[in-house]
Amino acid sequence: MNPSPVIRLALPGKGTLEASTLAFLSECGLKVNRNNPRQYLASVSSMPDLEVVFQRAADIPLLVQDGDATFGITGYDILAEFRGTADTEDNEEGDNEDILILDQDLGYGNCRLVVAVPENWIDISTCADLWHLTGYYLDHKKRGLRVATKYPALTGQFLRKHGITHCKIISPHGALEAAPLTETADLIVDLTETGTTLRENHLKLLEDGIVLRSQACLIGNTRLLRENQPALNMASIMLELIEARKQARNRSILTAHLETDTLEEMQRNCSFLTQRLNHLVSGLEYQVSHTEKEDIIKLCRYTISGVTNVGNSASDFLEIVSVLRSSGAKQINITPLTYRFEKEPSSVRALIKRLKRKQ
Amino acid sequence: MKKHIERLRGMHDRLPESYKQQRWVTDRLSAILERAGYNPVDPPILERSELFQSSFGQELWQNLYAFRLHQRELCMRPEFTASICRLYLDHYQKQSLPLRFQYAGPVFRYETPGRGRYRQHTQLGVEMFGGHIISSDAEILQLACEALNALQITSFRLELGHIGVVSGFINRLQLDDHAARLLLSLMEQISRSDEGEQFAQQRLETLYPENWADANSKSYRTLNETSSDDIHLLASLLSSMSVAYGSDDTRHEVIERFLWKMERNEQRRRILHALEFLRALHAISGSPPEVFEALRDLLQRYDLNSKPLIELEQLVDVIEQSAISNQQIVLNLALGRGVSYYTGLVFEIHASDDSGFETQLCGGGRYDNLLRAVGGARDINACGFAFGIERLLPLIPKDSFPSPEKTQALIIPVNILSMPYALKVAQMARESGLRVEVDVLEHGVGAGLTLATKKEISWALIVGEDERKMNSVTLHDLVSGKELFLDIRSFAQYILDTELSI
C-alpha cells in the first residue's frame, strides 16, 4: 500500500487576497497557523491532516489541476482566465475537468473585469459602439483596435461574443492604465474594484463592458477528490463550515427580555411588535417564549429572540432597540451570528452529485 | 500508480480497419483528381497565425489551435485554402495559369465535438488558380460530383449559392465595408436555422438600435458631405464640456468618429432592409428550373443585376449534362459559408446516412480576392473545394472496400539458431508477393503451428538446420495437415498457385 498522499490546500501568499483569505478561513473555524509570514508552509489546527502551501494566486489553478494541491483558493478571474472561459456552468468541453469549483463565491475579494476606454471618446459608451469603431479604424487607420489586457483569453471571448473581431490583444507586463495614454493600445480590459484608478487615468467604463464579476473561490482537483476518500471528507468539512459561515455573515442574533402587567397587554404588544419589526427589517425571524414562572396574574415576562440580517451598522440596531424599548424591553442583547447550519449542507450534496456526474 | 493519460477530446485514434478504408478512399479520390490534372502538394500543418487571420479577414477567429512559441504566433491549419494560396505565392507566381493543385491531410478546429464533428479531421480537396469563371466553376463542381459517384455515394444533394447576389444588393444600399461584412457573416446564420435568423435580427438591433436618428429620414449624408459648420459646432461643444484632449488631432479624430457614428445610425433602415432581403432570398431556395423563375422575379423586384443568376443557370446547365440530376440540386442564394473570403459561387454537398442523419460532405466556392488578401500583388481567379474524408466513410457501401488482407503464411524457426534463415525465407516470400509473418515467440514448432491455426493462417513454413542446409523449407498446409519439402525458390509460387486454384 502506498502511504496516503498529502492533502494540500494552496492559498494566495501574496497580494490582496492573502490577508482576506486568512481572515475568512479564521472566521470559518479554519484558522491557519503560520509561524512567520515568510514561510511557505503552514497548518490548520482544526484539520491536522491538511497541509497549507502559500503560492501566488495566479499559480494556484495549475497546482490544483496537476494535483500538486488538492484544494486551492484563488480569484475567480484568475481561474476563469486559466480555463479560458467566463462561462460559469461546468465547462461542457470537459477539457478542464481536472478542476472542480467547490465554491465560486466565498464572499470577499470582489472585483470586476471591465472594458475601459479613454474618457474623451464621446462616441463610445457601449460594446456596439466599439464594434462600429472597429469599422472606423479599418476604414481610416487600416488596422484593428489594440486592446491591452492581462486576461487575453477572457477578453478574446468577450470581444468575439460582441462580434468585435478586428482587434489585436496585447498583454504588457506593466500597468495597463498607461497603455492608452502612451498609445501602445487603444483601450484596456482590466480589473477594477471601484473604478477610481481608471478614472484617475482618464478612462471610463463601457455601460455593458463587464467581462466578468469575480470573488475569491475554492477549487479542488476532481480526480483526487474522487479517488481519495479522506480528501473528500475534508472537502465536506470545509464546505460545511464555509457555508455555515457565509449563511451567518451579516446576520445577528437579538434577544430582548420584556415585561408587561397582563397577559392581554403582552399579546397586544406582540402583535404590535410583529408589525413594527417586520416593517423595520426584512428577514427578522423571531419567536416569543413565555416564562410562566412566579406571579402570572401580576407580571408577564417574555423573551423575543431572532436572527436579523441587518448589517453591523449601529443605526440599524438602534431603531429596533427603540421600538423594543417602547414595548417595555428591559434588556436587549445583540450578538453577531458565527455559524448558521441549515437542515442539510447543500454544497456538500452538490459536490458529491457533480463528482458522480463527471465520471 | 501513474495517472492514465487520456486521448484529447474530439481527437481519434484511427485503427487498422478504418485506417485502411480511409487510405483507400484518399487514394481513389486522389487518383481521380490527378487524372484531371490536379497535382498533389503538401504544405506544412503549422503556419503563421497571420496567414489565416488575413484569409478570414479578422484577427479574433475562434476555434483555432493557435499558440505562441518563441514570440511567434503559430496556428495549426483549420483548412488548406490559405496555405495553398501561400504555396502558390511562394513557388508558382511566374508560371502561366491555370494551375491545379490537390491536397489531403489533417486540419484542426477547436469546436465542440459532436456526431461527425471532430477537432482533427482529414480534408482532401483541390484549388484551381486562373481560368475563366464559368468553365472552372463547372469543372470543380463536376469533379466533386464525379468523385462522390466513383465512391458509390450517389444520393447526395448539391446546394448552390452565389455571394454576388447579396453583395450586389449590399453595394447598392451604399453600406460601408464593415456593415457589408457583418451582413455576409450573418447570412450564414440566417440560412442555417430559425434560431440563427433570430440571432441575426438581435445582432442588428443591438448594433443599429432605433434611436434619435429618424428611421424614416430620407436624407442621409456621407461623412464627406459633413459641413465644416458641424465640425466647428462639435469642437466648441467639446471645449465647453472641458473634456481633456491631448492634442488637436485627438479632438479632431473624436469629432470625426462621432459624426461617423451618427451617420451609421442612419444606416439602420437600410440594414434592416438588407435583412428582409436575405430572408426573402432564403425563402426561395429550391430545385431548378422552377426556382430560377422565382429568383429572377425577386431580383427584378429589387432591381438587381441578374449576372450571378445567369452564371448559376449556365453552371447548372453544364453539370446537369455530366454529373448530376436536377432533383439533386438545391439553389439557395442565401447560402453563406463559415469563412468570409468567398466572392462568387459557393456550394455544399450534403447526404444522409442510414439513420437519416445529414452531414455535409463537401464545401467550396470561388474566392477571387483571397490571393491578394494573403499577400499577392494582384487578384487572381481562384476556386476550390474540400471533402471531409471521415464523413464520407460511413456513406460508402461496405462491400466496395477491398477486403482486409490476411497474413498468408507463418514462418516458424525451429529454434533461435534458425532465425537468420527464417528472415531470409521471409524476405524471399515477400519479394514474391506473399504476406508472411515470422514467429518471434521462440516457442518451438508445435506451439508455432497452434499459433498459426489460431490466427487463421493457412500455411506454416517450418525452417531449421536441415532446411537451411538444403536451401529449402518444410511447407505445412494447416487446412489439410499435408507437409511438403520445397525448394526455397519454389515454395512461394506453390502457395500462390494453390491459393489461386481454391
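Owing to the predicted nature of the structure, the values given are computational and were not obtained by experimental measurement. Position labels on residues start from 1 in each chain and follow its written sequence. Chains carry letters and ligands carry numbers; both start at the beginning, A for chains and 1 for ligands, and go up in the order they are written. In keeping with the model being predicted, local features are shown solely for residues with a pLDDT of at least 70 and side-chain atom pairs are shown and tallied solely at 80 or more, while totals for entire chains, interfaces and linings include all residues.

Things to note about the overall build of chain A
Here is step 1 of the chain: A helix here means a DSSP run of H or I that spans at least four residues, while a strand means a run of E at least two residues long, and both kinds are numbered starting from the N terminus. Secondary structure assignment for chain A yields 12 helices and 16 strands.
Here is step 2 of the chain: Two residues qualify as being in contact provided that their C-beta atoms, derived from the backbone, are within 7 Å of each other. Taking the contacts inside chain A whose residues are at least 6 apart along the sequence as the reference set, 72% of them involve residues at least 24 apart.

With respect to the domain arrangement of chain A
Residue and element names in this part refer to chain A.
Here is step 1 of the chain: Domain boundaries in chain A define domain 1 (7-110 + 215-248 + 344-357), domain 2 (111-213) and domain 3 (252-336).
Here is step 2 of the chain: What counts as a domain boundary in this text is fixed by an automatic or database domain assignment. Its C-alpha centre places domain 1 at a distance of 31 Å from the equivalent point of domain 2.
Here is step 3 of the chain: Listed per partner, the contact involves 8 residues of domain 1 and 11 residues of domain 2.
Here is step 4 of the chain: Taken together, the residues of the side of domain 1 that touches domain 2 break down into 2 nonpolar, 4 polar and 2 charged. Just so you know the grouping, Ala, Val, Leu, Ile, Met, Phe, Trp, Tyr, Cys and Pro go in nonpolar, Asp, Glu, Lys and Arg go in charged, and all remaining residues, Gly too, go in polar.

A closer look at the sheet that holds strand β5 (residues 99-108) of chain B
Residues and elements named next belong to chain B.
Here is step 1 of the chain: Any two strands between which DSSP finds at least two bridges are classified as paired. Pairing is mixed across the open sheet formed by 8 strands, whose spatial order is β1-β5-β6-β11-β10-β9-β7-β8. Looking at which strands have only one partner, the edges of the open sheet turn out to be β1 (39-40) and β8 (329-331).
Here is step 2 of the chain: Of the pairings in the sheet, the one linking strand β10 (residues 358-366) to strand β11 (residues 382-388) comprises 5 bridges and is antiparallel in character. By the bridge assignment for β11, Gly364 is matched with Phe385.
Here is step 3 of the chain: Fitted lines through C-alpha atoms serve as axes, helices being fitted only where they are in contact, and the angles separating the N-to-C directions of these axes extend from 0 to 180 degrees. The sheet contacts of helix α12 (residues 307-322) involve β7 (156-162) and β8, and relative to β7 the element is tilted by about 155 degrees.

Re the nonpolar core
Here is step 1 of the chain: Put simply, a nonpolar core is buried Ala, Val, Leu, Ile, Met, Phe, Trp, Tyr and Cys residues tied into one set by C-beta atoms within 7 Å. The exposure label follows from counting other C-beta atoms within 10 Å of a residue's C-beta, where the C-beta atoms are placed from the backbone and the thresholds are 20 or more for buried and 12 or fewer for exposed, leaving partly exposed in between. Counting residues in each nonpolar core, the largest one holds 173 residues, and the members touching the most others are Val147, Ile188, Val211 and Ile219 of chain A together with Ala144 and Leu278 of chain B.
Here is step 2 of the chain: For this core, the element with the highest residue contribution is helix α4 (residues 133-150) of chain B, accounting for 8 residues.
Here is step 3 of the chain: Ignoring any residue separated from it by four or fewer positions in sequence, one finds Leu278 of chain B in contact with Val166, Met187, Ile190 and Ala334 of chain B.
Here is step 4 of the chain: In this structure, Leu434, Leu461, Val473 and Ala492 of chain B belong to the second largest nonpolar core, which totals 22 residues.

Considering the sheet that holds strand β16 (residues 483-487) of chain B
All names here are of chain B.
Here is step 1 of the chain: An order of β13-β12-β14-β15-β16 is seen for the 5 strands of this open sheet, with the pairing classed as mixed. Each edge of the sheet is formed by a strand with only one pairing partner; in this case those strands are β13 (436-438) and β16. Across the sheet, the mean angle separating the axes of adjacent strands is 25 degrees when strand polarity is ignored.
Here is step 2 of the chain: With respect to the sheet, helix α16 (residues 444-454) is in contact with β12 (409-413), β14 (459-463) and β15 (472-477), its orientation differing from that of β12 by roughly 165 degrees.
Here is step 3 of the chain: Strands β12, β14, β15 and β16 of the sheet are contacted by helix α18 (residues 491-501), whose axis makes an angle of about 25 degrees with β15.

Here we look at the interface of chain B and chain A
Here is step 1 of the chain: Taken together, the contact pairs 21 residues of chain B with 26 residues of chain A.
Here is step 2 of the chain: Listed by contribution, the elements that provide at least two residues to the side of chain B that touches chain A are α6 (177-192), α7 (194-207) and α9 (248-265) of chain B.
Here is step 3 of the chain: Looking at which element gives the most residues to the side of chain B that touches chain A, the answer is α9 of chain B, with 6 residues.
Here is step 4 of the chain: Here the side of chain B that touches chain A is composed, by residue class, of 8 nonpolar, 5 polar and 8 charged.

Comments concerning the confidence of the model for chain B
Residues and elements named next belong to chain B.
Here is step 1 of the chain: Across chain B, the average pLDDT comes to 86, with 91% of residues at 70 or higher.
Here is step 2 of the chain: Confidence scores labelled pLDDT are given residue by residue by the predictor and lie between 0 and 100. With pLDDT under 50 throughout, residues 212-224 is counted as low confidence; its partners more than four residues away or in other chains account for 15 contacts.
Here is step 3 of the chain: In the predicted complex, the global pTM is 0.79; the interface-specific ipTM is 0.72.

A closer look at the domain arrangement of chain B
Accessible area lost when the parts come together is the quantity often used to give the size of an interface.
Here is step 1 of the chain: We note that the domain assignment places domain 1 (16-197 + 281-399), domain 2 (221-265) and domain 3 (409-501) within chain B.
Here is step 2 of the chain: Averaged C-alpha coordinates put domain 1 of chain B and domain 3 of chain B at centres separated by 53 Å.

A word on the environment of Leu50 of chain A
Residue and element names in this part refer to chain A.
Here is step 1 of the chain: Locating Leu50 in the fold gives a position in strand β4 (residues 47-55).
Here is step 2 of the chain: Under the C-beta neighbour-count criterion, Leu50 is labelled buried, with 22 such atoms within 10 Å.
Here is step 3 of the chain: Put simply, Leu50 and Thr70 are 20 residues apart on the chain and 9.7 Å apart in space, counted from C-alpha to C-alpha.
Here is step 4 of the chain: If we ignore the near neighbours within four places in the chain, the residues touching Leu50 are Ile7, Leu9, Val44 and Met234.

Some details on the confidence of the model for chain A
When pLDDT drops low, the exact placement of atoms in the prediction is not to be read closely.
Here is step 1 of the chain: Put simply, chain A has an average pLDDT of 83, and 88% of its residues get 70 or more.
Here is step 2 of the chain: Of all helices and strands in chain A, the one with the weakest mean pLDDT is strand β14 (residues 285-291) of chain A (63), whereas strand β5 (residues 71-75) of chain A scores best (95).

Some words on unusual backbone geometry
Residue and element names in this part refer to chain B.
Here is step 1 of the chain: In this structure, Pro98 follows Leu97 across a cis peptide bond, with omega equal to 0 degrees.
Here is step 2 of the chain: Tracing the chain through its elements places Pro98 in the loop between α3 (81-91) and β5.
Here is step 3 of the chain: Note that the residue after Pro288, namely Pro289, is joined by a cis bond; omega there is 0 degrees.
Here is step 4 of the chain: Relative to the helices and strands, Pro289 resides in the loop between α10 (268-283) and α11 (290-301).
Here is step 5 of the chain: In the Ramachandran plot, Glu456 falls in the positive-phi region, its phi being about 55 degrees despite a non-glycine side chain.
Here is step 6 of the chain: Positive phi values are uncommon outside glycine, yet Asn471 reaches one of about 50 degrees.

Description of the packing of α6 of chain B against α7 of chain B
Between two packed helices, the angle of one axis relative to the other and the distance separating the axes together describe the packing.
Residue and element names in this part refer to chain B.
Here is step 1 of the chain: α7 packs onto α6 with a crossing angle of 145 degrees between their chain directions and a minimal axis gap of 6 Å. Of α7, the residues touching α6 (which contributes Leu186, Gln189, Ile190 and Arg192) are Gly196, Glu197, Phe199, Ala200 and Arg203.
Here is step 2 of the chain: Residues belonging to the contact of α6 with α7 are distributed by class as follows: 4 nonpolar, 2 polar and 3 charged.

Re the pairing of β4 of chain A
Every regular strand shows the same layout, with side chains that alternate between the two sheet faces.
All names here are of chain A.
Here is step 1 of the chain: The pairing of strand β1 (residues 7-12) with β4 spans 6 bridges and is classified as parallel. Within β4, the position partnered with Leu9 by the bridge is Val52.
Here is step 2 of the chain: Connecting strand β3 (residues 41-44) to the antiparallel partner β4 that follows it, the hairpin turn spans 2 residues.

Quick notes on the environment of Glu405 of chain B
Here is step 1 of the chain: Looking at where Glu405 of chain B falls in the secondary structure, it is placed in the loop between α14 (389-392) and β12.
Here is step 2 of the chain: Sequence separation between Glu405 of chain B and Arg435 of chain B is 30 residues, and the spatial gap between their C-alpha atoms is 8.3 Å.

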